[in-house]
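Spelled out, the chains give:
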Amino acid sequence: MYTPRPEDRFTFGMWTYSNPGRDPFGDPVRPLPDVDFHIQAAHKLASLGAYGVNLHDNDLVPIDATPAQRDAIVQRYRAGLADAGMVVPMATTNLFSHPVFKDGAFTAADPRVRAFALQKAMLGIDLGVALGAETYVFWGGREGAEVDAGKDLVDSVKRYRDAFNFLIAYVKDLGYRVRFALEAKPNEPRGHIFLPTTGAMLGFIQTLDDPDMVGVNPEVAHETMAGLNFPHAVAQAIDAGKLFHIDLNDQESGRFDQDLRFGSVNLKMAFFLVKLLEDEGYSGPRHFDAHAYRTEDRNGVWDFCAGCMRSYLIFKDKVARFNADAEIQALIAALGADPEGLNALSAYSPANRNALRSRVFDIEAIGAEGRGLERLDQLTVEVILGVR
Ligand code: GCO
Ligand code: MN
Ligand code: MN
């Protein structure tokens, strides 16, 4: 029941299972990956029940590879992936590791850096499309500032928009069938990253040349770092028809970007997130953007991958129990009961306007009624804890 299958559409970033456990204070604790390891990993992940792998251009192809080297690597990896029966549903560009991006990529003040970032993104899109990706993610890790005097803040947003408009036109010009998903993060590695929340991204998307082509890739850790409620951000994205992809992991608030195993910290958040995705029929990949603890060797990495998927499926089972629990559902139904037929007045018309204007509400009585949320919340916790 908790055994992952390809239909569950679990995916892992190439950078997640191959994360060597480097941190600002410490050297790698696991070997750095090469193409052979990525091919072995595709087989291992397939045996664990995963569906696919996502990648940055430079997770697979070194930034200094010649076109011939790149083609050879891609050909080899594509064959290995096909052997493993895995797919690449999402790809993205590394616009943050090389020193050239130290003060931004699409929003860099230096036009040479902006032009190089566009070139790199075009080549990255070509690579993603060649591997079959349908979604192309943009995470602007270096798009931000520590020194606000160094960038015109309004120009920075305009430059960001110009870059996406260029790449939207590029994709259309070449006839690629790929959609963009923008990933927000409030800080790290920059002191302040532009468009820091999913809500900010949703507003920005509407200003682009083709908003329909662009959605979001929200991440648990990022909204949590901003002190926000992740399922609320995801719900807004779903309502807007913009949940094109998702980055699942976990995060303690008030901490550095931790990228913890899905479901390892905030169980209630994970429950409501899985409930939202499943109840709303989200059909995209369930992508894990996290990594194993620095204490682990490569065996621990596979435990980490298996754990992410298994926990998701356990939460999915808890959601089914919650949805089928008669007492819980009766409490929820009672919260929205409408014995006076007031919902019918919520669409504007002259008759509804007049009916509402003259209606007398007993606000003291309504205000004195208990909502029963203590009981509902306790029952929810009992479902999560496995005693219901
Ligand atoms: C992070 C981000 C990245 C992006 C990745 C794909 O905090 O480092 O979450 O892992 O998701 O670059 O866009
Ligand atoms: Mn992240
Ligand atoms: Mn991410």
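Residues numbered from 1 in each chain as written. Chains lettered and ligands numbered in written order. Predicted model: local features only at pLDDT ≥ 70, side-chain atom pairs only at ≥ 80, totals over all residues. Heavy atoms only, no water.

1. Focus on the coordination of the manganese ion (ligand 2)
- In the first shell of the manganese ion (ligand 2), the protein supplies Glu219 (OE) and His222 (NE2), at 2.1 to 2.3 Å from the metal.
- In this structure the manganese ion (ligand 3) is found 3.6 Å away from the manganese ion (ligand 2), and Glu219 serves as a bridging donor for the pair.
- With relative accessibility at 1%, the residue Glu219 sits in the buried group.
- Of the residues examined, His222 reaches a relative accessible area of 3% and is grouped as buried. (Donors = N, O, S within 2.8 Å, 3.2 Å for Na, K, Ca; no water. Buried < 20%, exposed > 50% of the residue type's maximum accessible area, 1.4 Å probe, protein only.)

2. What to know about the site of ligand 1
- Looking at ligand 1, there are 13 residues lining it, with His56, Glu183, Lys185, Glu219 and Asp289 nearest.
- One of the side-chain nitrogen or oxygen atoms of Glu183 is found 2.8 Å away from an oxygen atom of ligand 1.
- Within the side chain of Asp257, one N or O atom sits 3.2 Å away from an oxygen atom of ligand 1.
- Alone, ligand 1 offers 340 Å² of accessible surface; in the complex the protein occludes 92% of this. (Near = heavy atom within 4 Å. Polar contact = N/O pair within 3.5 Å; in protein donor to acceptor, adjacent residues only side chain to side chain. Areas by Shrake-Rupley, 256 points an atom, 1.4 Å probe, with all protein chains shown as cover.)

3. Here's the deal with the coordination of the manganese ion (ligand 3)
- The protein atoms donating to the manganese ion (ligand 3) are Glu183 (OE), Glu219 (OE), Asp247 (OD) and Asp289 (OD), with metal-donor distances spanning 2.0 to 2.2 Å.
- Along the chain, the residues donating to the manganese ion (ligand 3) are arranged with the sequence spacing E-x35-E-x27-D-x41-D.

4. Things to note about the domain arrangement of the protein chain
- Domain annotation for the protein chain reports domain 1 (6-323) and domain 2 (326-385).
- Centre-to-centre separation of domain 1 and domain 2, based on C-alpha positions: 39 Å.
- Between domain 1 and domain 2, the contact holds eight residues from the first and eight residues from the second.
- A combined buried area of about 740 Å² lies between domain 1 and domain 2, and 74% of that area is made up of carbon and sulfur atoms.
- Looking at the side of domain 1 facing domain 2, the largest losses of area belong to Lys268, Lys318 and Phe322, adding up to 66% of the total buried there. (Domains from an automatic or database assignment. Contact = heavy atoms within 4.5 Å. Buried area = accessible area lost by both parts, 1.4 Å probe.)

5. So, the packing of aromatic side chains
- One pass over the full model with this rule turns up 22 aromatic pairs.
- Their ring planes at 85° and their centres at 5.0 Å tell us that Phe138 and Phe164 sit as a pair that is edge-to-face. Of the two residues, Phe138 sits in strand 4 (residues 135-139) while Phe164 sits in helix 6 (residues 153-173), which places them 26 residues apart along the sequence.
- With relative accessibility at 5%, the residue Phe138 sits in the buried group.
- Look at Phe164 and you get buried, because its relative accessible area is 1%.
- Ring centres of Phe164 and Phe204 lie 6.0 Å apart, and the angle between their planes is 70°; this geometry places the pair in the edge-to-face category. Here Phe164, found in helix 6, pairs with Phe204, found in helix 7 (residues 198-205); they are 40 residues apart in sequence, far enough to count as distant.
- On the basis of relative accessible area, Phe204 is assigned to the buried category, the value being 4%.
- Taken together, the aromatic side chains of Phe106, Tyr136, Phe138, Tyr160, Phe164, Phe180 and Phe204 make up a single cluster linked through ring pairs.
- The ring of Phe37 is capped by Arg298, whose NZ or CZ atom sits 3.5 Å from the centre of that ring. (Phe/Tyr/Trp six-rings, centres within 6.5 Å; stacked < 30°, edge-to-face > 60°. Helix = DSSP H or I, 4+ residues; strand = E, 2+ residues; numbered from the N terminus. Lys NZ or Arg CZ within 6 Å of the ring centre and 35° of its normal.)

6. Comments concerning the sheet that holds strand 8 (residues 214-216)
- Spatial ordering of the open sheet is given by 8-6-4-3-2-1-10-9, a layout of eight strands whose pairing is parallel. Since the sheet does not close on itself, it has two edges, and those belong to strand 8 and strand 9 (247-248), each with one partner.
- The pairing of strand 1 (residues 10-13) with strand 10 (residues 286-288) spans three bridges and is parallel. By the bridge assignment, Phe10 is partnered in strand 10 with Arg286.
- Relative to the sheet, helix 5 (residues 111-130) contacts strand 3 (90-92), strand 4 and strand 6 (179-183), its axis offset from that of strand 4 by approximately 145°. (Pairing = 2+ DSSP bridges. Axes fitted to C-alpha atoms, helices over the stretch in contact; angles between N-to-C directions.)

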